[in-house]
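Given next are the chains, with one letter for each unit.
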Amino acid sequence: MDEDVVRAYLWEDIIRLGFSPAGTKKQKNWLFQYGKSLREFWEVSSFPDPPTVSNSFLVATIDSSCATSMSYEYAIENHKKYTVRLIHTPASTDRDIMWMHDMDGTYFSFPNQFFLSNLNHRRTAVQEMNSAIIGNVLDSLIMHPAPHQHIESPLDNHDIRIGGGLLNPFLYLFHLRIQLCPNSDRRSAERDRLILLFEAAIKGNAIIPPGELMRVPSAI
Amino acid sequence: MKRNRFGINVDEGLALTTSEEFELLFVDTDSDAKKRLQEWLKYDDKPILFGGQIGCGKTTLIEYVFNDSDTKPDITFHFDKNSLNLSSTDSWAIVFTELFRYFASNGLTDVEIIPAEYKDLLGDTPAAWHESLSQIRLESFSQSAIDKNKDFNNLLESTLGLLGNFFTSLIKKIETLKKSSVVLFASGVDKFEPKTTAYFALTDIFQALVAHKTLFEVNAVHLFSDEQWMRKLERIVVPVSDIEQVTVMLKKRLGDYADAYTEEISLIAEYSGGIPRQGLRLLDSFLALQKQKPNKSQAFFQAVENVNRDFFAFSQRPENALVQSVNKTKLLETTLISLPGDIETAQRAVFGNWFLLKRHVDESRWEAILNPLIKESLIDDITPEEPERALLKEYARQTGISETGLEFDITQAGWQDTLLDQLEKPIELNVTEILDGISSALLSKQRADRIIVAFENKVVANAVRKYLEAKSNTYEYQVWSHEIIEESAETSPLVKMLQCFSEKPVDVHSFEFEGQFSQYALDELNLRRDSFFDKQLLWWIPKQELRRYLERWTQLRQFFQIYVLDEDLAKSLSIEEIESDLDFMSDLVESDETASSSYVENLKIVLNYLKEVTHG
């Protein structure tokens, strides 16, 4: 099978098994575990405030990443409608919004899952997957999204890649968790951990519990 | 203590102790004090005084030298931790329990030199000795432990006048068996202010210790005292650090995040005055506040205010004339410290870190500065060239704001007045402001922070406590206990608290101080501050008592954040916000005794209170 087809199935599986909590309760738990994990993952001094419900959106401000003098606010209505505001905090003035990533599901996006289901080659794709291919897909989804933006001013950090084409809110938040971690060894160890985690999950076709997904790699 | 490997490590400035901690966080300055201590450890057999001001890094340096030389003192006496009252007998009990522990650890429990009555009390085997000694030190409270403690103290009491000789003969016995001199470490002497009763009670012990190779950990004021027992002793001074050294330390503490705080690091280092712990407190406070403050400069000024309040509010102020003189001449005549009746001036100023000793100039003169945290509020005429002020201006310039754009106009008296207010009458903060200040503390099991909240209305204080309990359980389940602490003839507040620590596993100890504590009880808490350093503590103190208590807590307050509660809760907590928090968290509750169940349970109590207050 063409490796790109294998990658396409893994792409969808990774999103489905790791980043698609169903129902409000599971979404709340996913976001709660996400916030809880950040202090240890980024090795910062405090937890962010927990999410709350506001006008049927799940919202929170993540202000623990001080590496970039940047924080972000998310508001999630459902898997297809969410915003994430990136906020820069300069020394002198009140907070400035840098930009808002706005996913509006009422507009068309390419129906990957429809075509993959019709093709019906998932079983073969799973048989042919290996760590390297999973790593490629994780890179494209999380570590190094193909379309991405760098911040050039007021901070110039080419290691930070804010993905531009991420449709799923939970995936988007998870990719920020890695992009805003200032330590390259930690990011690399996380990539290795995720490869193992998703390889097992895809083989068993099992949803990854958020607590497991958010675990901090032991290597560093 | 668990350390982050690449990220931020703020910990209230607890002494570093392990190789991993030294590798990660220690700033090796190769100072004269370090070199001399290393030499002493290797080659000398005379006692030595090793001293510096509060928070200057004495304990860390001592630990580093021991760790680096891969050795340990044979016996350590923790005079600031292991005693339960301030009497001579109890201080001797520290000495003898540690000595007997040495005998037990080395299988020497049958030596003839130890009288039968002690052996009868301690038991037949080394293991029994260890068990008995643990009971005697009340490391866990039980009736039999209390009885054993009393019996042991009675034994010592019956021969109080002979204890010095008994001690010497035991040390000699050890040296004979060991065939070398023993290294003794008198830890925590620095907490005892000279000329106080508690310090006086230790004099006989120090007299006994000076006959041996003893390292005395003392405060700078002890080095300039002229007491009989220390007259012939060599003195090693740990001066305050260079600002560059504090800068390096702060960078290490911020790990990979240091680059994001370049300007603030310089400023914090300057405001540390060269005292590492003061720098760490400022950094910790700044990091917590920058999450809530709209810009970093506001967070910095608020951090200065907070640490100023924690360290100096209501503290006993030195004479204004001396303050003015040191600020003008940048010199302190250290003979002033030992003058009889001088407690109001030089001794108090050095012991309480109002003045910081930088460098020995000649004979008894030291280069000294006023602590930058308080200088603004004490000196009427601050010149624009003062280093902290110059840095503030530079900070303003670099961050693209005019000096008058700062929260406090540093060219006017405004900031001075604000800091002065903190000294005279700390401002009241509402519960969310308090939570902002302590967000990195109570919200984490990994921390061991200590908070004092002064309150007027007990009902409001209880609601605030429930709010803090809820918030501390946001992400991790933390078991709270709340106890009323009173002073009584039978039990001192310190003993009551130690008893609580040993009773059950608790993450956050909340203690409400009731009644008026005597000076003795306050001094006891002050001197035994190290009993609290690994605990998460919340002390509730009636507002009318705060001044009197803080005046006595020069040492203790170094480890506490202090807040005065603005009791109009409805001003800071809204019913809607709490309902929204409950809406989210209620869905996560799956069983009792979990973080989310505790959060929900406590927040519901706060909600009910607010509804009652709002709707009657």
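Residues numbered from 1 in each chain as written. Chains lettered and ligands numbered in written order. Predicted model: local features only at pLDDT ≥ 70, side-chain atom pairs only at ≥ 80, totals over all residues.

Scanning chain A from N- to C-terminus turns up 8 helices and 7 strands. In summary, chain A has a C-alpha radius of gyration of 17 Å against a globular reference of 17 Å for 220 residues, a match within 12%. By its C-alpha atoms, chain A is 55 × 40 × 30 Å across when sized along the principal axes. The proportion of buried residues among the 220 residues of chain A is 38%. For chain A, contacts bridging at least 24 residues in sequence account for 52% of all contacts bridging at least 6. (Helix = DSSP H or I, 4+ residues; strand = E, 2+ residues; numbered from the N terminus. Rg over C-alpha atoms; globule rule 2.2 N^0.38 Å. Buried ≥ 20, exposed ≤ 12 C-beta atoms within 10 Å, placed from the backbone. Contact = placed C-beta atoms within 7 Å.)

Before going further, it helps to examine the overall build of chain B. Helix and strand content of chain B: 28 helices and 14 strands. Compactness check: chain B gives a C-alpha radius of gyration of 25 Å against a globular reference of 25 Å for 616 residues, within 12% of the reference. C-alpha extents for chain B along the principal axes are approximately 75 × 60 × 45 Å. Intrachain contacts of chain B at a sequence separation of at least 6 include 76% that bridge at least 24 residues.

Looking now at the nonpolar core. All names here are of chain B. F355 and V453 are the most contacted members of the largest nonpolar core, which totals 216 residues. Counting residues per element, this core draws most heavily on helix α4 (residues 88-105), at 9 residues. Discounting chain neighbours no more than four positions away, the residues touching V453 are I434, L538, W540, Y563 and L565. (Core = buried A, V, L, I, M, F, W, Y, C linked by C-beta atoms within 7 Å.)

A few words on the sheet that holds strand β1 (residues 48-52) of chain B. All names here are of chain B. In space, the 5 strands of this open sheet follow the order β2-β3-β4-β1-β5, with parallel pairing throughout. Among the strands making up the open sheet, the edge pair consists of β2 (75-78) and β5 (234-238). Strand after strand, the sheet turns through a mean of 20° between neighbouring axes, direction not considered. Pairing geometry for β1 and β5, over 5 bridges, is parallel. Looking at β5, one finds that I48 is bridged to E234. Contacts between helix α3 (residues 58-68) and the sheet are confined to β1, β4 (213-219) and β5, with β1 contributing the most and set at about 135° to the helix. (Pairing = 2+ DSSP bridges. Axes fitted to C-alpha atoms, helices over the stretch in contact; angles between N-to-C directions.)

Here we come to unusual backbone geometry. Residues and elements named next belong to chain B. A positive phi angle, close to 55°, is found at L138, a residue other than glycine. On the secondary structure map, L138 appears in the loop between α6 (126-136) and α7 (143-158). One non-glycine residue, F314, adopts positive backbone phi at about 60°. On the basis of neighbour count, F314 is assigned to the buried category, with 21 C-beta atoms found within 10 Å.

This brings us to the environment of E476(B). Its location among the elements puts E476(B) in the loop between α22 (458-472) and β11 (480-485). Judged by the 15 C-beta atoms lying within 10 Å of it, E476(B) falls in the partly exposed class.

Our next topic: the pairing of strand β14 (residues 561-565) of chain B. Residues and elements named next belong to chain B. Within β14, 5 of the 5 residues are buried, which leaves it mostly tucked inside the rest of the structure. Sheet analysis places strand β9 (residues 428-429) next to β14, joined by 2 bridges and oriented parallel. Paired with L429 across the bridge in β14 is L565. As judged from the 4 bridges shared by strand β10 (residues 450-455) and β14, these two strands associate in the parallel manner. For I452, the partnering residue across the bridge sits in β14 and is I562.

So, about the packing of α6(B) against α7(B). Residue and element names in this part refer to chain B. Contact geometry of α6 with α7 gives a least axis separation of 7 Å together with a crossing angle of 90°. As summarised for this structure, α6 and α7 are arranged roughly perpendicular, according to the angle between their axes. Residues S132, Q135 and I136 of α6 pack against S144, A145, K148, N149 and F152 of α7. Class assignment of the residues belonging to the contact of α6 with α7 gives a composition of 3 nonpolar, 4 polar and 1 charged. (Parallel < 35°, antiparallel > 145°, perpendicular 65-115°, else oblique. Nonpolar A, V, L, I, M, F, W, Y, C, P; charged D, E, K, R; others polar.)

Here we come to the sheet that holds strand β13 (residues 536-542) of chain B. All names here are of chain B. Ordered in space as β9-β14-β10-β13-β12-β11, the 6 strands form an open sheet in which the pairing is parallel. This sheet does not close on itself; its edge strands, each paired only once, are β9 and β11. In the packing of helix α21 (residues 431-438) onto the sheet, the strands contacted are β9, β10 and β14, and the crossing angle to β14 comes to about 170°.

As a further point, take the domain arrangement of chain B. Residues and elements named next belong to chain B. Split into domains, chain B comes out as domain 1 (30-74 + 183-238), domain 2 (82-181) and domain 3 (427-616). The interface is formed by 6 residues belonging to domain 2 together with 10 residues belonging to domain 3. Tallied by class, the residues present in the side of domain 2 that touches domain 3 amount to 4 nonpolar, 2 polar and no charged. (Domains from an automatic or database assignment.)

Right, let's get into helix α25 (residues 543-551) of chain B. Residue and element names in this part refer to chain B. Every buried residue of α25 is accounted for by L546, Y549 and L550. In a view along the axis of α25, the buried residues occupy a sector of 90°, so they form one face of it. Those residues of α25 hidden inside the fold are in contact with β10, α24 (519-527) and β13. (Arc of directions from axis to C-beta.)

So, on to the packing of helix α5 (residues 131-143) of chain A against helix α7 (residues 184-204) of chain A. Residue and element names in this part refer to chain A. The interhelical angle for the contact between α5 and α7, taken along N-to-C directions, is 115°, at an axis separation of 9 Å. Two packed elements cross with a definite hand, and for α5 against α7 that hand is right-handed. In contact with S131, I134, G135, L138 and M143 of α5, α7 contributes R191, L194, I195, F198 and E199. (Left-handed = near helix turned anticlockwise from the far one by under 90°.)

The next thing to look at is the environment of Y271(B). Residues and elements named next belong to chain B. Take Y271: it is sitting in helix α13 (residues 262-272). By the C-beta count within 10 Å, which is 26 here, Y271 ends up buried. Taking C-alpha positions, Y271 is 14 Å from K358, a pair spaced 87 residues apart along the chain.

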